[in-house]
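As a plain string of letters, each chain reads:
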Amino acid sequence: MAKVNPGAFIRQVRQEASKVTWPTRKETLVTTGMVFVMVFLASMFFFLVDSGIQFVVKQIMSLGS
């Protein structure tokens, strides 16, 4: 592996960072909103599935008594 002095390393890092396409404020807000919506939908899905499984298990357990 080639050794690079610290100054050259910093220059290379800055050069690569300048190539990055950063999102706009609007894109960031829209993406954040989409994440919150998906988290909400996923939590509702798992809540409903868990409630359904709980109901079935309670029904099965009540058969024995």
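About the criteria used
- Residues numbered from 1 in each chain as written.
- Predicted model: local features only at pLDDT ≥ 70, side-chain atom pairs only at ≥ 80, totals over all residues.
- Heavy atoms only, no water.
- Phe/Tyr/Trp six-rings, centres within 6.5 Å; stacked < 30°, edge-to-face > 60°.
- Buried < 20%, exposed > 50% of the residue type's maximum accessible area, 1.4 Å probe, protein only.
- Salt bridge = Lys/Arg side-chain N within 4 Å of Asp/Glu carboxyl O.
- Helix = DSSP H or I, 4+ residues; strand = E, 2+ residues; numbered from the N terminus.
- Polar contact = N/O pair within 3.5 Å; in protein donor to acceptor, adjacent residues only side chain to side chain.

Overview of the packing of aromatic side chains
Line of reasoning, step 1. For the structure on display, the rule yields 1 aromatic pair.
Line of reasoning, step 2. Between Phe-45 and Phe-46, the ring centres sit 5.2 Å apart and the planes meet at 70°, which makes this aromatic pair edge-to-face.
Line of reasoning, step 3. Here Phe-45 falls in the partly exposed class, since its relative accessible area comes to 48%.
Line of reasoning, step 4. With relative accessibility at 53%, the residue Phe-46 sits in the exposed group.

Describing the pattern of salt bridges
Line of reasoning, step 1. Counted by the stated rule, this structure contains 1 salt bridge.
Line of reasoning, step 2. A salt bridge links Lys-19 to Glu-16; the shortest N-O distance between them is 3.2 Å.
Line of reasoning, step 3. Judged by its relative accessible area of 46%, Glu-16 falls in the partly exposed class.

Comments concerning the environment of Asn-5
Line of reasoning, step 1. Mapped onto the elements, Asn-5 comes out in the segment before α1 (6-18).
Line of reasoning, step 2. Given the relative accessible area of 46%, Asn-5 is considered partly exposed.
Line of reasoning, step 3. A polar atom in the side chain of Asn-5 sits 2.7 Å from the backbone nitrogen of Ala-8.

Coordinates in, geometry out; function isn't part of it.
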